[in-house]
Amino acid sequence: MTVSPQTERERGGMATAVAAESVPLLEMRGIRKRFGDLEALKGVDLTVRQGEIHALVGENGAGKSTLMNVLYGLYRPDAGTIAFRGRPVHLTGPRDAIALGIGMIHQHFMLVPPLSVAENVVLGDERSGPVLAERVIEDRVRELEKRFGIVVDPAARVEDIPLGLQQRVEILKVLYRGSELLIFDEPTAVLTPQEVDELFDIVRGLRDEGKTLILITHKLREVMAVTDRITVLRGGQNVVLRGGQKVAELITKDTNPAEIARAMVGRELKELRARATPPREQVVLEVRGLQARSDRGAPALQGIDFTVRAGEILGVAGVGGNGQSELAQCLLGLRKVMGGTIHIGGIDISRDDPKRTRARGVAYVPEDRRIEGLVLAFTVADNFILGKHDHAPYARRGVLDPATILKTGGRLAAEYDVRPPNPRAIVANLSGGNQQKVVLGRELSEQPKLIVVSQPTRGLDIAATEYVHERLLEQRGRGAAILLISSELDEIRGLSDRIAVMYEGRIVAVLDAASATEERLGLLMAGHTEAAA
Amino acid sequence: MTIDQLIGAGVLAATLRLATPILLAALGGVVSERSGVVNIALEGCMLVGAFFGVVAADQSHSVVIALLAAVAAGAVLAGIHAVAAIHFRSDQIVSGMALNILALGLTSYLDYQLYGTTGTPSDLAGVPDVEIGLLAGVPYAGDAIAHQNAIVWASLVLVVLIQLFLFRTIPGLRLRAVGEHPRAAETVGIAVRRTRYWAVLASGVLAALGGAYLSLSVAHSFTDGMTGGRGFIGLAAMIFGRWTPVGALVASLIFGYGTALSFSLQGASIGDVRVPVQLLSTLPYILTILAVAGFVGRSRPPAADGIPYETEGHA
Amino acid sequence: MASNTQATPTGPATAPSVRQPTAQWARGPAVPIASVVFALAIGAVLVLLSGHDPISAYADLFRGAFGSPYDITETLIQTIPLVLAGLSVAVAFRTGLFNIGAESQLLIGAVAAGAVGARFADLPGFLLFPMVLAAGIGAGAAWAAIAGYLKAARGVNEVITTIMQNYIVVFVMHWLLQNGPMTAPNALGTPASSPIGAGAVLPIIIPNELVPLTRLHAGIFLAIGAVVVFWFLLWRTPLGYELRAVGLGARAAAQAGIDPRTHTVMAMAIAGGFAGLAGMIQVTGVFHRVFDGFSAGYGFDAIAVALLGKNSPIGIVLAALLFGAFARGGSIMQANAGVSSQLVSVIEAIVLFVIAAELIVRLLSARRGRKPVEAIA
């Protein structure tokens, strides 16, 4: 595309002057995008009007980010059209999007840490000769800041400023290039509540300056606070039900969090499965005041309390990224516990390494089976013995016993329905469901006391999913305590005795399964706290 | 052991001489790694520069053509590394090592085929020395320092130029961005792969110039493997100098001084004890290990260094 | 403050050969063989361009390596240190590490073996030989463990450390052997140490009547033994299982209780032990003393040997044999055909480069219209 930004915007400006709201600023129709086997977008529509703040809402994996990456030119759609100011556009890359006046504030900031704020803002569009004149670009950035009411020191290095301020740099980048349509991808994911309010002020200020904004988010507070209209995505498709009539979008002031939540997470309400036996009295896992940090150093767990009894499944519901991964890692000894305690059977394991923790009878089905759960290049049999390879019967006096390993591998493969039940098969060549069965066979076969399970059926087909659920219930009946972390509400509600909801590193509620309706869970997961009652 | 052996004029002059090839390799390393490509093949680029410079000097009797041939050879070798690293996204260490072995084998092979056992001719056109009159006035060492080969002065000028380029120009800013966060650079429309190709080619040119210095200015001949690991020492100087040209200069001077000292102290002793000069020569390498291990300040390469870059599914 | 990047020292995160193609045809010996053929072809072009006949040059190469029983024993003598150095590099690769320092570990093993062998030269064989063996292996292991420790404890890329260590050892050897603590007068005229005691010498294993003047020594048995140890360690012991798990799936191994950091140190130590053994064998079998500059770069060839042999026992033996043949045949080729023996270095470098760029895999996959898919740990 070689349309220059100036003329495009001038034309746009005249158009809106003449016909105020007749032509939407942006119309995306029937967008499809596939990545290998996964169809991320299945024909999505989006309409955004000039001067509005539009929310694009949905759970993790619903397709929101993918849709916006298509708009920004980072991905090319397999099908569908995009019309900007009424004219069809074909984007070959971010340069084209920028030229049209579309700017993206990424969720994972696209900033170069050792460079200064000003350098990051102008990078790629420096508008000066070959010489880098720091003063000049800093002044230019200061002007921009004054105009839009955004404050951040242009001379500071990006790696030295907190994430909340880094986000402002991303916003300035986009404004510097004269963006008229700003896309915010999960803007409050890394912000404190105060920073969120400051961001809202900036957002409103931008709207008052005539900009149009799209907010990608799953947080209902934000949606209700600043947006005008809402488009909901689920499983790569638009979805809203309103009295049976399919409406493409909601108008914020006419809707409420419950309706949005239901659109985001729910299908038809499912029957709850009857529990075969009630949980036992004995407490197996007790977590008190658990604190931990994420890989980036931000607080990930801010004081977690819960218990799990023998013969009980405690489901942990929540949108991914609210501390669930860190929780599982702390329980296994893979992440440092910064505060609080973890007791298993009365023994404090918060300082133990994974080997010792597992020796206490803890099993782990990790959320990423390909990287954390299995050594893909090993055989099925070798994966079955991972963690047990150094003692009998698999090794005697320092020597591995291949015959026993193979025999056990064959037995477990048959028992756990791995297809084909060949212990010599390389795990990388198995389907996802069979790979997960290998993990289960390894983790569940030795009567564990506590099983930590994370996203166990992610990417699995129905048959494999049902198999996993059956085995988990079987373990529950056997008396194991199970911590089930999942962002699939159906799964949580179908299996759990009690459900804890995690949000921003805290457990915001623990409900009995019976009283945990889709609606209630959806609201809690989205940060909408219930009135004390 | 005398003071003169430690910091005499001769030692200081030798320091500058010995530092130059290391410095040129280090500058090449800085440029390449700042864009995010590890170029272990600098040793090989240096060697082909040395060899083809000699061949061209022999054939053309012109210093200019000899230098051009030298840097062209370095650029070609670096270009192969660039294709492997950037286009094929192969492992940059293995690719670099392979090219080093290739350079050694190829230059030795051609040396034998062209010059047999008699060796390269002795009347090669050489790069002239240049006297900087101003410096001669400097007390104590002026006389010795002021008289250096043209390439020595050129490399000092290059330090300034590259430092300015990287930190005071827009193209330099972009190059650094590519090396730190290539995806961020791509999202603002910078051509990551193209930038890296240029950087790697430039590194080959610089290293080859260092090789040409060895063969055309110092030895006036070519012997197999004459670079003797200076390319690797250059990488060490780059790390020790924290990936900046000025730092590389300081590091190269330190390393050069160590070598100069080991020559100057031959046969010297402190009281009765002989000075183990060879052990002095290990100093640069020990210092580098300490620096990389974080014992001597924090030494961090560009964040995307050595990581092959995958563009997303778009154009 | 929080930021998106992590500081890592120079170099890639995973050692190269740990990535394995899942395509079936790419898993066998097809790729190494094709790489060698490709390299030989380019070598032939090079010979042609310099005005010689490639066929006769390669014929001389082959004859020099395998032409007579004596030639074969000479080839084997070159092969032995290559096998051991190749095992050294391979065991590190299997754990996800890049051991460029096999050369310095070999030299340090040689120095230690030579020093002990000379110092205690009068001891009888059954005492002296084990001491010398232990010294060689131990020195190599300890030296390599330094690099392993720095990586485990401070995240220092082992490539940098081992390259630096290569140079340190070279200069230490200069110091020791040039009018230094280990220097001894000798008829060779080169800086060298005192000869080792007779008890430590590896005997020639083929009687003179069978193959006159042969130098083939008992080190070949040690090498074969080392190959067996390599195989047994990696595939028949829990430690070997853990090393492979760390190399192929460090995160899965970690959550199962296998600590990648301790295994990094162990793997480097084992690698250093193999290389140190190579150096020890060169001293006790071939030269019977240490002299300055004696290694023919086996440690660097070992990288190609390991990659070509796909880090597996049989593969390494075959690749070492190939390179050993090149080394031996190359000098004959130079004498007879006038083609510089450096041609073999060129061929070896091309082989290494082709493997690094995964050229064969990509070329053939592209022709089949598929992108090569990798199962990356």
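Residues numbered from 1 in each chain as written. Chains lettered and ligands numbered in written order. Predicted model: local features only at pLDDT ≥ 70, side-chain atom pairs only at ≥ 80, totals over all residues.

Draft legend 1. Structural detail: the overall build of chain C. Scanning chain C from terminus to terminus reveals 14 helices and two strands. Per-residue burial for chain C yields a buried fraction of 59% across its 377 residues. Sequence-distant contacts in chain C: of pairs separated by 6 or more residues, those separated by 24 or more amount to 77%. (Helix = DSSP H or I, 4+ residues; strand = E, 2+ residues; numbered from the N terminus. Buried ≥ 20, exposed ≤ 12 C-beta atoms within 10 Å, placed from the backbone. Contact = placed C-beta atoms within 7 Å.)

Draft legend 2. Looking closely at the overall build of chain A. A count of helices and strands for chain A gives 18 helices and 25 strands. Since a compact globule built from 533 residues should have a radius of gyration of about 24 Å, the 26 Å found for chain A is in line with a globular shape. Counting the 533 residues in chain A, one finds 49% classified as buried. The long-range fraction of contacts in chain A, counting pairs at least 24 apart against all pairs at least 6 apart in sequence, stands at 70%. (Rg over C-alpha atoms; globule rule 2.2 N^0.38 Å.)

Draft legend 3. Expanded view of the environment of Glu43 of chain B. Residues and elements named next belong to chain B. If you trace the backbone, Glu43 turns up in helix H3 (residues 42–60). Sequence separation between Glu43 and Gly74 is 31 residues, and the spatial gap between their C-alpha atoms is 9.9 Å. In contact with Glu43, other than residues within four places in its own chain, are Asn100, Thr227, Gly229, Gly231 and Phe232.

Draft legend 4. Inspection of the pairing of strand S3 (residues 53–57) of chain A at higher detail. Residue and element names in this part refer to chain A. Buried residues dominate S3, accounting for five of its five residues. Residues Ile53, Ala55 and Val57 of S3 are buried on one face, and the alternating residues His54 and Leu56, pointing to the opposite face, are buried as well. Pairing geometry for S3 and strand S8 (residues 212–217), over five bridges, is parallel. By the bridge assignment, Ala55 is partnered in S8 with Leu215. Relative to strand S9 (residues 229–234), S3 runs parallel, the two being bridged by four bridges. Bridge assignment links His54 to a residue of S9, and that residue is Arg229. (Pairing = 2+ DSSP bridges.)

Draft legend 5. Focus on the sheet that holds strand S19 (residues 362–365) of chain A. Residue and element names in this part refer to chain A. Strand order in the open sheet made by the six strands is S19-S22-S23-S16-S24-S25, with mixed pairing throughout. Two strands close off the open sheet at either side, each with one partner strand: S19 and strand S25 (506–512). Adjacent strand axes in the sheet meet at a mean angle of 15° when their direction is disregarded. Bridging between strand S22 (residues 450–454) and strand S23 (residues 481–486) involves five bridges; their strand directions are parallel. Bridge pairing in S23 places Ser454 opposite Ile485. Across the sheet, helix H15 (residues 432–444) lies against S19 and S22, angled at about 175° from S19, the strand it touches most. (Axes fitted to C-alpha atoms, helices over the stretch in contact; angles between N-to-C directions.)

Draft legend 6. Focus on the interface of chain A and chain C. Each partner contributes residues to the interface: chain A has 35 residues there, and chain C has 23 residues. When contributions to the side of chain A that touches chain C are tallied by element, the ones reaching two or more residues are helix H11 (354–359), helix H12 (369–373) and strand S21 (399–400) of chain A. Among the residues making up the side of chain A that touches chain C, the classes are represented as 22 nonpolar, six polar and seven charged. (Nonpolar A, V, L, I, M, F, W, Y, C, P; charged D, E, K, R; others polar.)

Draft legend 7. Inspection of the interface of chain C and chain B at higher detail. Facing 39 residues of chain C, the contacting portion of chain B comprises 45 residues. Of all elements in the fold, only helix H5 (125–154), helix H6 (158–177), helix H11 (298–308) and helix H13 (342–356) of chain C reach the threshold of two or more residues within the side of chain C that touches chain B. Per element, the largest residue contribution to the side of chain C that touches chain B is eleven residues, and it comes from H6 of chain C. Here the residues of the side of chain C that touches chain B are counted per class, giving 26 nonpolar, nine polar and four charged.

Draft legend 8. Representation of the nonpolar core in the model. Core analysis: the biggest nonpolar cluster contains 399 residues, and Ile183 of chain A, Ala208 of chain B together with Leu84 and Leu352 of chain C have the highest contact counts within it. Considering each element in turn, this core owes the most residues, 15 residues, to helix H11 (residues 192–218) of chain B. What Leu84 of chain C contacts, discounting residues up to four positions off in sequence, is Ala223, Ala226, Phe274, Ala275, Leu277, Ala278 and Ile281 of chain C. (Core = buried A, V, L, I, M, F, W, Y, C linked by C-beta atoms within 7 Å.)

Draft legend 9. Structural context of H5 of chain C. Across its 30 residues, H5 of chain C extends 43 Å between first and last C-alpha, which sits within 8% of the 44 Å expected from 1.5 Å per residue. Two residues or fewer past H5 of chain C, Gly155 of chain C is found with a positive phi of approximately 65°. (Expected span 1.5 Å × (residues − 1).)

Draft legend 10. Just the pairing of strand S15 (residues 299–309) of chain A, in detail. All names here are of chain A. Sheet analysis places strand S14 (residues 283–293) next to S15, joined by eight bridges and oriented antiparallel. Considered in S15, the bridge of Val287 is made with Phe306. Between S14 and S15, which follow one another and run antiparallel, lie five residues, and Gly297 among them has a positive phi close to 95°.

Draft legend 11. Structural detail: the confidence of the model for chain A. Residue and element names in this part refer to chain A. Summary statistics for chain A give a mean pLDDT of 85 and a share of 90% for residues scoring 70 or more. Low pLDDT (under 50) marks residues 1–20, which in the prediction has 18 contacts with non-local residues, meaning those over four places away or in another chain. Note on residues 268–272: pLDDT is under 50 here. Beyond four places in sequence and across chains, it has six contacts. (pLDDT = per-residue confidence, 0-100.)

Draft legend 12. Structural context of H3 of chain B. Residue and element names in this part refer to chain B. Given a rise of 1.5 Å per residue, 19 residues ought to cover 27 Å, and the 26 Å separating the end C-alpha atoms of H3 matches this to within 8%. Of all the 19 residues making up H3, 16 are buried; the element is thus mostly covered by neighbouring parts of the structure. His61 sits one or two positions beyond H3 and adopts a positive phi of about 55°.

Draft legend 13. Structural context of the packing of H11 of chain C against helix H12 (residues 313–337) of chain C. Residue and element names in this part refer to chain C. Taken N-terminus to C-terminus, the directions of H11 and H12 make an angle of 135°; their axes are 8 Å apart at the nearest point. Classified by the angle their axes make, H11 and H12 are oblique. In terms of crossing hand, the pair formed by H11 and H12 is right-handed. Each of Asp301, Ala304, Val305, Ala306 and Leu308 in H11 lies in contact with H12, whose residues at this interface are Ile316, Ala319, Ala320 and Phe323. Considered class by class, the residues forming the contact of H11 with H12 number eight nonpolar, no polar and one charged. (Parallel < 35°, antiparallel > 145°, perpendicular 65-115°, else oblique. Left-handed = near helix turned anticlockwise from the far one by under 90°.)

Draft legend 14. Main features of unusual backbone geometry. For the bond from Ala392 of chain A to Pro393 of chain A, the omega torsion is 0°, close enough to zero to count as cis. Of note, the bond from Arg419 of chain A into Pro420 of chain A is cis; its omega dihedral lies within 30 degrees of zero at 0°. One can find Pro420 of chain A in the loop between helix H14 (402–415) and H15. One non-glycine residue, Asp417 of chain A, lies in positive phi territory at about 60°. Note on placement: Asp417 of chain A falls in the loop between H14 and H15. Asp417 of chain A gets classed as partly exposed once you count the C-beta atoms within 10 Å, which come to 16. Backbone geometry places His288 of chain C, a non-glycine residue, at a positive phi of 60°.

Draft legend 15. View of the sheet that holds S14 of chain A. All names here are of chain A. Strand order in the open sheet made by the four strands is S15-S14-S17-S18, with antiparallel pairing throughout. Edge strands, defined here as strands with exactly one partner in the open sheet, are S15 and strand S18 (347–348). Relative to the sheet, helix H10 (residues 324–332) contacts S14, S15 and strand S17 (339–344), its axis offset from that of S15 by approximately 65°.

Draft legend 16. Representation of the confidence of the model for chain C. All names here are of chain C. Per-residue pLDDT for chain C averages 83, and the proportion of residues at 70 or more is 87%. Ranking the helices and strands of chain C by mean pLDDT puts helix H7 (residues 219–236) first, with 95, and strand S2 (residues 374–375) last, with 30. Taken together, the stretch residues 1–14 has pLDDT below 50 and engages in 45 contacts with residues farther than four places along the chain or on a different chain. Reported for the predicted complex are a pTM of 0.81 and an ipTM of 0.82.

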